[in-house]
Amino acid sequence: MIQLQNINKSFGDVQVLKDVNLQVKEGEKLVILGPSGSGKSTTIRCMNFLEEPTSGLVGIDGEIVTKRNKNKIVGEKMSMVFQQFNLYPHKTVLENLTLAPIKIKKIKKWDAEEKAMYFLEKVGLEHKAHAYPQELSGGQQQRVAIARALVANTKIILFDEPTSALDPEMVKEVLDVMVDLAKENITMVCVTHEMGFARQVADRVIFMDDGQIIEEGKPNEFFDHPQTERAKQFLSKIM
């Protein structure tokens, strides 16, 4: 479903990704771990061309992504949940969920709203449909952002540290929604520091450091028996 081939990414003189090669199968739940500055977020932002790779190829569902076709391919195949929710503050929750389907996909307003309410119910927020983002807690806003990604009906959802901006007591409500979502046949790629979530949900974990994939494996294998010294150091500090 996702293929990264020899991906390099530089910002000025700083090389952030170094020959990253990665394949994600349809329906797979992949968690990307690593210290700050290791290239985790840049990796998934290259997947959907929010960051264009300096060199290398990105393939999505069998198609090579380019500048010319990125909007079409990414728009049809991928959604993304960000750290900071990225909701429109001047629009209600329902309007945030229906804006893209109505404007971009030309879906009728009634149909878009019906679908939005279905997914708001899935994340436990149907009663907040007419509230504005500033009236919600951080955890609620992130659940709305996940519902918005679901409304897009894409095969792939990317999560870029979706709980890192939340107060600790709000983290669980978002992770619970993501755990339920992981039971669906959706391809999920998640950058996170939530080790319990990674153990519970991931089919595979990759560990990055200094712009490279250092190690990968099944969650229990990685957490219980890391193979590289760098992974052992990392896990010793966070577990």
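A closer look at the pairing of strand 6 (residues 78-81)
Of the two faces of strand 6, both are covered, the one formed by Met78 and Met80 as well as the one formed by Ser79 and Val81. In the sheet, strand 6 pairs with strand 7 (residues 156-160) via 4 bridges, with the strands oriented parallel. Residue Met80 lies in a different strand from strand 7, and its bridge partner there is Leu158.

Some points on the sheet that holds strand 9 (residues 204-209)
Spatially, 6 strands are ordered 6-7-8-3-9-10 in an open sheet, and the strand pairing comes out mixed. Since the sheet does not close on itself, it has two edges, and those belong to strand 6 and strand 10 (212-217), each with one partner. Looking at each pair of strands side by side, their axes are set apart by 20° on average, direction ignored. Alignment of strand 3 (residues 29-33) against strand 9, held across 4 bridges, turns out to be parallel. Its bridge partner being in strand 9, Leu30 is matched across the sheet by Arg204. This element, helix 5 (residues 138-151), spans strand 6 and strand 7 of the sheet and lies at about 180° to strand 6.

Observations regarding the packing of helix 3 (residues 93-103) against helix 4 (residues 109-122)
Remark: helix 3 packs on helix 4, axes separated minimally by 9 Å, with the N-to-C direction vectors making an angle of 130°. Here helix 3 lies oblique to helix 4, going by the angle between them. Note that helix 3 runs across helix 4; the crossing there is right-handed. Packed against helix 3, whose contacting residues are Val93, Leu94, Leu97, Thr98, Pro101 and Ile102, the element helix 4 presents Lys109, Ala112, Glu113, Ala116, Met117 and Leu120 at the interface.

Each value, and the rule that gives it
- Residues numbered from 1 in each chain as written.
- Predicted model: local features only at pLDDT ≥ 70, side-chain atom pairs only at ≥ 80, totals over all residues.
- Heavy atoms only, no water.
- Buried < 20%, exposed > 50% of the residue type's maximum accessible area, 1.4 Å probe, protein only.
- Helix = DSSP H or I, 4+ residues; strand = E, 2+ residues; numbered from the N terminus.
- Pairing = 2+ DSSP bridges.
- Axes fitted to C-alpha atoms, helices over the stretch in contact; angles between N-to-C directions.
- Contact = heavy atoms within 4.5 Å.
- Parallel < 35°, antiparallel > 145°, perpendicular 65-115°, else oblique.
- Left-handed = near helix turned anticlockwise from the far one by under 90°.

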